[in-house]
Structure formats: structure tokens, C-alpha cells
Amino acid sequence: MPSATAGSGFVITCSGVDAGRTALLFCGRNMSALPWKPGNLSTMCMWPGQGRILRCGTFDTGGQAGTCNGSFSLDFNTFMRDHPGLVGPDPWSWQWSVGRFELQAWYRDPQAVTHGMLSTALSFETCNSNAPVCTPLVPSLIAIQPGSFVMGSDVALGYPYFPEHGYSGAPAHPVTITYPYWIGETEVTAEEYASIMGTRGSAGGLPGHPVVAVGWQEARAYCSGLNVQMEAQGLVPPGYEYRLPTEAEWEYAARAGTTTEYCTGTTLDCGEANIYKSLHSGVECVGYELWHSNPVRQYPPNAWGLYGILDNAAEWCLDTAAPYTAAAAVDPFVTGPGLRVHRGGAFAMPSSISRSAARIAWPEWFMSYNGLRVVLAPKREP
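This structure is a prediction, so every number in the text was calculated from the model and none was measured.

### Here we look at the sheet that holds strand β11 (residues 147-151)
Right, so step 1: The sheet built from three strands is open, its strands ordered β11-β12-β18 with mixed pairing. At either margin of the open sheet sits one strand with a lone partner, and together these are β11 and β18 (329-330).
Right, so step 2: Sheet analysis places strand β12 (residues 173-177) next to β18, joined by two bridges and oriented parallel. Within β18, the residue paired with Thr176 across the bridge is Val330.
Right, so step 3: Where helix α5 (residues 247-255) meets the sheet, it contacts β11 and β12, and its direction lies at approximately 95° from that of β11.

### Section: the environment of Gly265
Right, so step 1: The topology assignment puts Gly265 in the loop between α5 and β15 (277-278).
Right, so step 2: Separated by 90 residues in sequence, Gly265 and Arg355 have C-alpha atoms that sit 9.9 Å apart.

### Quick notes on unusual backbone geometry
Right, so step 1: Here the residue pair Ala170 and Pro171 is connected by a cis peptide bond, since its omega of 0° sits within 30 degrees of zero.
Right, so step 2: Tracing the backbone through its elements, the reader meets Pro171 in the loop between β11 and β12.
Right, so step 3: With a phi angle near 60°, Ala213 is a residue other than glycine that sits in the positive phi range.
Right, so step 4: Residue position: Ala213 is located in the loop between α3 (190-197) and α4 (216-232).

Here is what the cut-offs are and how they apply
- Residues numbered from 1 in each chain as written.
- Predicted model: local features only at pLDDT ≥ 70, side-chain atom pairs only at ≥ 80, totals over all residues.
- Heavy atoms only, no water.
- Pairing = 2+ DSSP bridges.
- Helix = DSSP H or I, 4+ residues; strand = E, 2+ residues; numbered from the N terminus.
- Contact = heavy atoms within 4.5 Å.
- Axes fitted to C-alpha atoms, helices over the stretch in contact; angles between N-to-C directions.

It is worth stressing that arrangement in space is one thing and function is another; only the former is reported here.
Right, here's the structure in full:
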């Protein structure tokens, strides 16, 4: 297993490659499978600016010339121990030691169109026993590292950015999240919801689709039930719980490092999300009679691996709705009675509501197109 204390023993091997070739191993995060170059069938998963962060080594594949029995190996623990400066002063600090790593190999192939080939990418989780959270990761959760971002937006409201329903995303302001947490890779599906609540939501839900028509209290009840299940399996660290995300947790994860109005860029079109209308193209994506949810992985994820963050079902947050201020905030969370916030677009919403900063506030009983996405994060009492 990857370990900060073992020092060695987690060995990654690439085999079945051309013998006697030069090979490289790249290590990073946030795989984005894209064609490498025209005329080459390989897919590059580690892209500069998205996933690739460092070169883990240069190798000779060895083997018998003219065959595909070449191979090479890397002891990842040894590499991390011996190269701390490549990923920061302490490669086994929380920021790097808990979460998902990806690796991909490149090796020289003179016969290929681009004179090189790429291996299948490998993904694995790491954990440091000294980190704030060290527990087996639930596969459907994405690890989010602490960090800072600009929350909200000062974009002029009007076409194609209609005003929000009651609460503005302005002013934009700096926010720091000081703790690590995990967030659902997808919205909670109808069958996941039914496994705890005994119903697929007030609207009924298709398998693999997000649960919809869920009120805020129902969403919280689901999280409580999930928490009981996970605690019984030892999957809830001390001081943490499964719950709805705060607005800050949601937006930080939704933006995934972007500063544009959408995590996809400056616009959102029908081919990118399950929304009823793109205000950028002026096209109705589907007619009223065809408004409905889609399977949770219908469209590509954002850069941090979250599916459906722009569309499908609107997602309840834990906060009470309140105006922003321009002041910098640390781990913001608004408590008390009042309207509750939901985030993200939905199949019955236009593209303006899919913006990372867009906010809508409704009473707790409001259902309609609302669903939920869970986090495993420090305990919070609304």
C-alpha cells in the first residue's frame, strides 16, 4: 500500500511493451481522457494544466529485441520519499497523501505515427495515518483538498445570466476551506435513496437517475441514515459525518479550480448538460413535455471528477440563505431558520442557473426538481 512510513513496497509495473525502448512514467490527478495526437490511437489521461504534475522517472524497457516483453517498475513509496521537492516540502502532508493519484506510462515506438505510445492509466488512493482523515474511501466519493478560491460572481445579471431567485451570488469574495472532505462523485441516485428511505422520492425515480422531488428535511434524513450505515462499517472518521454540503464546500468542488461562470468555461450549451435551454445559443435543448432527469454519468465530469454538477437535479445545501459580503471568509456556514439554498442546474432550468455561483433559495418543503449530493465532512449543525 502507499505509505509515508513504510518507505518502500508499493511497486507499479508497466509490462507487455516494446523491448529495448525508452519509457517515461507520469504521475498526476484528475484524469481527462482525450485523444493524444492525430493519427495515434492512444489516449492521454495526464494533461498539463489538468492532470500531469510530475515525471516519476525515465526507464529502459529491457526485454528481448523485436518482442513485446519489455517492462519497467517504480517503487512509488521510495520515489515520494526521495523526491519531496517535486510536490512540495512534505509529499506526505495531507494535501498529497490522502486522495487519488493517477499514473500513465509513455514509451518510444518508432513505428507509431507519433513515434510513441501510451499505456492504460492507473488510479489508486493514498492515505497517511497522521492526516486528519484516514479511513477506507467509499468508491463513490471524491477527495477534496483544503484550499482557497473566489466564491460568488460579480457578473452583470441579465441575458444570458438571469437574476437568481431571491439571493445574489455577488459580491465575489475570497473563501478558504481549511479542512479536507469528500463529496459525492454523482448526485444520490433513486435506488441509493430508496435503500435508506424506502421510496425513490416523491416523483419516483428511474434506476441510475438522480432522485428528485426531495425536500430539504428529507435530504437531511437520507444523510442521517447513510451516516448510521457507514458508522457501522467504520467509515466515518471522528468529528466527521455524512451530510449535505455547505454552500462553500459545494461551490469549491463545483468550480474545480476554474474561475469562469461555469466549470466548463464561459458558456453552457445543450450538448454539455441536461438543461432545458441554453441561453448562449438560444436553443431549447428539449421541449417541455420531455423535461426529465438523465442517468447520473450522462455527461463528462468536471476537472475534479464530479458528474452532473451543472445539471440534472438541483442540489440542496446545508446553509440557511443569507446575503454575501465582500469580506474574506474561512469555512463559512450560515445557520438558523429561514429559506434553504440549493445549487447547480436542473433539467427544468436554463443555463443561467447552472453557473457555479448561481444560488436559489426555497422553503424546506420545496421539492420539484430538487435532489442531493452528499459530503463526508466535519460535523455541522444547521
